[in-house]
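Structural overview
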Amino acid sequence: QVQLVESGGGLVQPGGSLRLSCAASGSIFSIPDMGWYRQPPGKQRELVATITRGGSPNYADSVEGRFTISRDGAKRTVYLQMNSLRPEDTAVYYCDADVQTGRLATLSHYWGQGTQVTVSS
C-alpha cells in the first residue's frame with residue numbers, strides 16, 4: 001500500500017506565499033512522476049504542476065511564473081512553492097503520484113487526501 005501525505009496548506013493574504021509538501025510512503029520501487037492538482041470551490045479538479053523523476057516540470061498557464069514544483073527523490077517528497085498568491089488560487093490542493101511498487105510491477109496512480117489553501121484578506 002502507498003500513502004501520500006500533504007502538508008503546508010493554510011490561510012494567506014493575497015500576494016503572500018505558501019509551500020506545500022507531499023511525502024510518499026509504503027511499498028515503493030520507483031515514482032516516475034509526481035504532481036499537484038487543485039479543486040476550487042464548486043469546480044472540477046485541475047492540473048497545477050507535474051514533475052518527472054529527472055526533475056522536468058510542467059505548469060498550468062495560470063500558475064506559470066508564480067509556482068515552482070520540485071522533488072526530493074531520496075525523501076520521495078514533492079514540493080510546491082506558491083508565490084504571489086491570488087484569491088483565485090483558493091482550492092483544495094491534492095498531491096498525486098504514479099508509483100511502481102516492484103521492479104516488474106506496472107504503474108499505479110495514487111492521490112493524497114488534500115490540503116486546503118485559502119487566499120483572502
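A brief report on the enclosed structure follows.

Reading the values: the criteria
- Residues numbered from 1 in each chain as written.
- Predicted model: local features only at pLDDT ≥ 70, side-chain atom pairs only at ≥ 80, totals over all residues.
- Heavy atoms only, no water.
- Helix = DSSP H or I, 4+ residues; strand = E, 2+ residues; numbered from the N terminus.
- Rg over C-alpha atoms; globule rule 2.2 N^0.38 Å.
- Buried < 20%, exposed > 50% of the residue type's maximum accessible area, 1.4 Å probe, protein only.
- Contact = heavy atoms within 4.5 Å.
- Lys, Arg positive; Asp, Glu negative; His and termini not counted.
- Charge placed at Lys NZ, Arg CZ, Asp CG, Glu CD.
- Salt bridge = Lys/Arg side-chain N within 4 Å of Asp/Glu carboxyl O.

**Regarding the overall build of the protein**
A tally of regular secondary structure across the protein gives zero helices and 11 strands. When the helices and strands of the protein are read in sequence order from the N terminus, they spell out β-β-β-β-β-β-β-β-β-β-β. Its C-alpha atoms give the protein a radius of gyration of 14 Å, within 12% of the compact-globule value 14 Å for 121 residues. With the principal axes as the frame, the protein shows a C-alpha extent of 50 × 25 × 25 Å. Across the 121 residues that make up the protein, the buried fraction comes to 42%. Taking as baseline every contact in the protein between residues at least 6 positions apart, the subset at least 24 positions apart corresponds to 55%. Charge-centre separation for the protein: the mean point of 11 positive side chains lies 6 Å from the mean point of 10 negative side chains.

**Quick word on the pattern of salt bridges**
Scanning the model with the defined rule gives three salt bridges in all. The partner of R38 in a salt bridge is E46, and the shortest N-O contact between them spans 2.7 Å. With a closest N to O distance of 2.8 Å, R66 and D89 form a salt bridge. Of this pair, R66 sits in the loop between β6 (57-59) and β7 (67-72) while D89 is found in the loop between β8 (77-82) and β9 (91-100), placing the two residues 23 residues apart along the sequence.

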